Amino acid sequence: MYYIDTLMREHEYIIKLTDHILAVSKDILHGNVNASAIKTITDVIKNYADGYHHKKEEDLVFKAMLDNLGELAEKLVTSGMLVEHDLARYERMMIELSLENYEKDHTDEARLELIGHLMSYRSLLIRHADKENKVVYPFAMKNLPEEIQKHLDEETKVFEEENKEQRDKYLEIINKF
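Everything numeric in this text was worked out from a predicted model, so none of it was measured.

**A look at the overall build of the protein**
A count of helical and extended segments in the protein gives six helices and zero strands. Secondary structure elements of the protein occur, N-terminal to C-terminal, as α-α-α-α-α-α. In summary, the protein has a C-alpha radius of gyration of 17 Å against a globular reference of 16 Å for 177 residues, a match within 12%. Considering only C-alpha atoms, the protein reaches an extent of 55 × 35 × 20 Å along its principal axes. Across the 177 residues that make up the protein, the buried fraction comes to 45%. The contacts of the protein with a sequence gap of at least 6 include a subset with a gap of at least 24, amounting to 84%. Carbon together with sulfur atoms contributes 52% to the accessible area of the protein, which is approximately 9,100 Å² in total. Across the protein, 24 positive and 36 negative side-chain charges occur, with their mean positions spaced 2 Å apart.

Quick look at the structure:
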C-alpha cells in the first residue's frame, strides 16, 4: 500500500537523522558543541519527523485505526505510538533547553545533559520506527478494510502534495547529513 510504503521510506530518512545525532553527540563528547548543527537537528525533528511524518501518521493512519479497529488498536495507538510521539516532542524540547543552558554555562554537566537528550531522542526514534515498521503498519495492513486503505493511499497523496515544499526542504537538509 502506498501510505505504508511512504511512511516506511520516511523512517529511512529519520534513521539518517539519528545517525547524524550520533555524530554530533560524539563531537560534543570531545568538546565541540556546534550550536548551529544542534539547531538544525531540532528544526528537522520539529518540522519533518514530527510536523510532517508524525502528523501524517496521527491524522491519517492512527485515526483510521482508532475509528475502525477497536480496543486492540486503541491500546496500540493511544497507549503506545502516541505516547512515544509525545516523548519525542519532550526530548526535542529538552534538547533545545539543554543547548540554551550550555550556551549560558559551558560546563561538563551542561554538555552531558545535551548529549543525554540527543541520545535519548535517537534511541527512542530508532525503537519507535522499528515498532511501527514491524508491528503497527503490518497490523493496519492486515486489519483495515481495503476501501479504507485505498482512502489512506489517496489521503497520503493529497497530504504529500499539500506539504511538498516542507518535505522537500527537509529532505534536502537530511541528505546533507
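So much for the structure itself; the text now carries on.
**A closer look at helix α5 (residues 146–162)**
Given a rise of 1.5 Å per residue, 17 residues ought to cover 24 Å, and the 24 Å separating the end C-alpha atoms of α5 matches this to within 8%. Listed in full, the buried residues belonging to α5 are I148, Q149, L152, D153, T156, F159 and E160. One face of α5 carries all of its buried residues, which in axial projection span an arc of 150 degrees. Facing away from the buried side of α5 by over 90 degrees, the exposed positions are E147, E161 and E162. Where α5 is buried, its residues contact α1 (2–29), α2 (35–68), α4 (108–143) and α6 (164–175).

**Description of the side chain of D50**
Relative to the assigned elements, D50 resides in helix α2. Taking relative accessible area as the criterion, D50 reaches 16% and is therefore assigned buried. If sequence neighbours within four positions are ignored, D50 has contacts with I45, K55 and R89.

**Some words on the packing of aromatic side chains**
Taken as a whole and judged by the stated rule, the model has two aromatic pairs. Both rings, one in Y48 and one in Y52, keep their centres 5.5 Å apart while their planes meet at 15 degrees; by these two values the pair is stacked. Taken together, the residues span about one helical turn, with Y48 and Y52 both in helix α2 at a distance of four residues. Ring geometry for Y52 and F159: centres 5.3 Å apart, planes at 50 degrees, overall tilted.

**As for the packing of α1 against α5**
Where α1 meets α5, the closest approach of the two axes is 7 Å, and the angle between their N-to-C directions is 50 degrees. Regarding the angle of α1 to α5, the classification is oblique. On α5, the residues touching Y2, Y3, T6 and E10 of α1 are Q149, L152, D153, T156, K157 and E160. Taken together, the residues of the contact of α1 with α5 break down into three nonpolar, three polar and four charged.

About the thresholds
- Residues numbered from 1 in each chain as written.
- Predicted model: local features only at pLDDT ≥ 70, side-chain atom pairs only at ≥ 80, totals over all residues.
- Heavy atoms only, no water.
- Helix = DSSP H or I, 4+ residues; strand = E, 2+ residues; numbered from the N terminus.
- Rg over C-alpha atoms; globule rule 2.2 N^0.38 Å.
- Buried < 20%, exposed > 50% of the residue type's maximum accessible area, 1.4 Å probe, protein only.
- Contact = heavy atoms within 4.5 Å.
- Areas by Shrake-Rupley, 256 points an atom, 1.4 Å probe, with all protein chains shown as cover.
- Lys, Arg positive; Asp, Glu negative; His and termini not counted.
- Charge placed at Lys NZ, Arg CZ, Asp CG, Glu CD.
- Expected span 1.5 Å × (residues − 1).
- Arc of directions from axis to C-beta.
- Phe/Tyr/Trp six-rings, centres within 6.5 Å; stacked < 30°, edge-to-face > 60°.
- Axes fitted to C-alpha atoms, helices over the stretch in contact; angles between N-to-C directions.
- Parallel < 35°, antiparallel > 145°, perpendicular 65-115°, else oblique.
- Nonpolar A, V, L, I, M, F, W, Y, C, P; charged D, E, K, R; others polar.

By themselves, these figures tell us nothing about what the structure is for.
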